Amino acid sequence: MSSGHACVDVYQGAVAALVPYFVAERAYSYVAASGVVLAASLLSSLVQPLFGVLTDRWAMPWLLPLSALTAGAGVALSGVTGSYVLTLAAVAVSGVGVAAYHPEAARVARVVSRGRHTAMGWFSFGGNAGFALAPLLVFAVVATGGLRATPLLVVPALAGAALCAAAMRSAGPGAGSAGASTAVGEDDWPSFLRLSGTVVCRSVVFVGLSTFVSLHVRERTGGGEAAGTAALFVLYAGGAVGTLAGGRLAERYGRTAVVRRSYALTVLAVAGLVLAPGPPVYLFVALTSAGLYVPFSLHITLGQDFLPRRVGTASGVTLGLTVSVGGLAAPALGALADATSLRAALLPLVALPALGRLLLCGLREPVPPGAAAPERVDPQEPVAR
């Protein structure tokens, strides 16, 4: 499941990694370039809740290989036409594939991991590893063959479809049964909505940086395409490590405490990324990556525990909708960059992790029905007796 997740999420990272090449080969403005990211995000954001609801009612394991192929086909076709409209349509198709994959994949991963934080961390690690590999894959294909070579990018989709099919065969019949009928506990919608608001803040920061960090670092360091690709790789690769660390930290300190402190770190890290001159910017890219990714898998398990009767819906929102929705803000950042500068356009991103941290204030660790309240609590919060 983790390896299949990597093959699918390559295509989320690939769209942002293609942006500098669209700018270079087709002379796209910042607004036009961010429109490509928006196209991948908009349709994905609209259909993601639908797939979550469907997953809550029916198990659809066949959707995993099909969605992997759809995600790959869209990105593969994005560079073969000079038409801006057809390029947008191609990446939108890829976004639908990504949206279809995540709710069902997260449901199956929860079943086979039995809800363990570290196991879900490994599942999330796969997706983040795919993100990290995307810039290197795009660089290897497009830097040598140009945008016309994008059909070669379909290879991970073929591997992902095979891995998903193999995972479903080895997982057994339990993974093919929808979990709604056996769910216990009450849904805590107020806490879930606050968590979702926090993840939306993260999404805008992450997608905004994914879209423009390559161009920003090239400006700050005076480097070329390799410098920008390295920055995007650091942003994604640090996340792969941070996701695993998040699961282990949560087992020691509690999920809500780890998530709060991660958002506090992200405020300082994004400020350094935007303002630091020269090579030190890479250090702040790495710190930003850690702050954004340590709570990544914890968002998923918290959301599922807040909505134990709607695990598919919770997964679709925390793993899909609130990740892709950040693309809706990308054109606004692009327009601001065209009107002022790229550095000025990225400055508002500093405030969003702070807002996310405020939404987390007072959020309590969900307790499974029939279980005793955990003794380990966040020392910043009072304990309800």
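See the structure shown above.
Structural notes, computed from the coordinates. (Residues numbered from 1 in each chain as written. Predicted model: local features only at pLDDT ≥ 70, side-chain atom pairs only at ≥ 80, totals over all residues. Heavy atoms only, no water.)

## As for empty space enclosed by the protein
Put simply, the test is: A cavity here means a set of 1 Å grid points, computed over protein atoms only, where a 1.4 Å probe fits but cannot escape. A pocket is an open set with protein on both sides within 12 Å along at least 5 of 7 lines, and lining residues have an atom within 4 Å of a point. Grid points are joined across faces, edges and corners, and a volume is the space filled by probe spheres set on the points. Elements are defined by DSSP. Helices are runs of H or I of four residues or more, strands are runs of E of two residues or more, and each kind is numbered from the N terminus.
On inspection of all chains with the given rule, the structure shows four cavities of 30 Å³ or more. Looking at the second largest cavity, its volume works out to about 90 Å³. Mapped by element, the contributors of at least two residues to the lining of the second largest cavity are helix 1 (2-26), helix 5 (117-145), helix 7 (189-221) and helix 8 (225-253).

## Considering the side chain of S297
In plain terms, the rule: Contacts are assigned to residue pairs that have any heavy atoms within 4.5 Å of one another.
Position of S297 relative to the elements: it lies in helix 11 (residues 296-306). In this structure S297 touches M120, G121, S124, T243 and G247, once residues within four positions along its chain are discounted.

## Here's the deal with the packing of helix 7 against helix 11
Short version of the rule: Every angle, taken between N-to-C directions, lies between 0 and 180 degrees, and every axis is a line fitted to C-alpha atoms, over only the stretch in contact when it is a helix. Geometric relationships in this document are graded by angle, where less than 35 degrees denotes roughly parallel, more than 145 denotes roughly antiparallel, 65 to 115 denotes roughly perpendicular, and other angles denote oblique. By convention, the crossing between two helices is left-handed when the near helix turns anticlockwise from the far helix through less than a right angle, and right-handed when the turn is clockwise. Residues are sorted three ways: Asp, Glu, Lys and Arg are charged, Ala, Val, Leu, Ile, Met, Phe, Trp, Tyr, Cys and Pro are nonpolar, and all the rest, Gly among them, are polar.
As a packed pair, helix 7 and helix 11 sit with axes 9 Å apart at the nearest point and diverge in direction by 160 degrees. Taken as axis vectors, helix 7 and helix 11 run roughly antiparallel relative to one another. At the point where helix 7 passes helix 11, the crossing takes the left-handed sense. For the pair helix 7 and helix 11, contact is made by S191, F192, L195, V199 and R202 and by F296, H299, L302, G303 and F306, respectively. Here the contact of helix 7 with helix 11 is built from residues that sort into six nonpolar, three polar and one charged.

## Looking at the nonpolar core
Just so we agree on the cut-off: Among the buried residues, those of types Ala, Val, Leu, Ile, Met, Phe, Trp, Tyr and Cys that are joined through side-chain atoms within 4.5 Å form a nonpolar core. The buried label applies to any residue whose accessible area, calculated with a 1.4 Å probe on protein chains only, is under 20% of its type's maximum; exposed applies above 50%, and partly exposed to all values in between.
The biggest cluster of nonpolar side chains holds 75 residues, and the ones touching the most others in it are F123, V138, V213, Y236 and L349. Sorting elements by how many residues they give to this core places helix 1 first, with 11 residues. Non-local contacts of F123, meaning those with residues more than four positions away in its chain, are made with M1, S2, H5, Y101, A105, A106, A109 and L319. Grouped together as the second largest cluster of nonpolar side chains are 16 residues, F192, L195, L307 and A314 included.

## Considerations on the environment of E25
As a reminder of what qualifies: Two N or O atoms form a polar contact when they lie within 3.5 Å of each other; inside protein one atom must be a possible hydrogen donor and the other a possible acceptor, and for residues adjacent in sequence the pair counts only when both atoms belong to side chains.
With respect to the element layout, E25 can be found in helix 1. Residue E25 is classed as partly exposed on the basis of its relative accessible area, which comes to 46%. On a C-alpha basis, the gap between E25 and G146 in space is 8.2 Å, while along the polypeptide they are 121 residues apart. Among residues more than four places away in sequence, those in contact with E25 are V142, G146 and L147. A distance of 3.2 Å separates the side chain of E25 from the backbone nitrogen of L147, its partner in a polar contact.

Any functional reading would require information that these geometric values do not contain.
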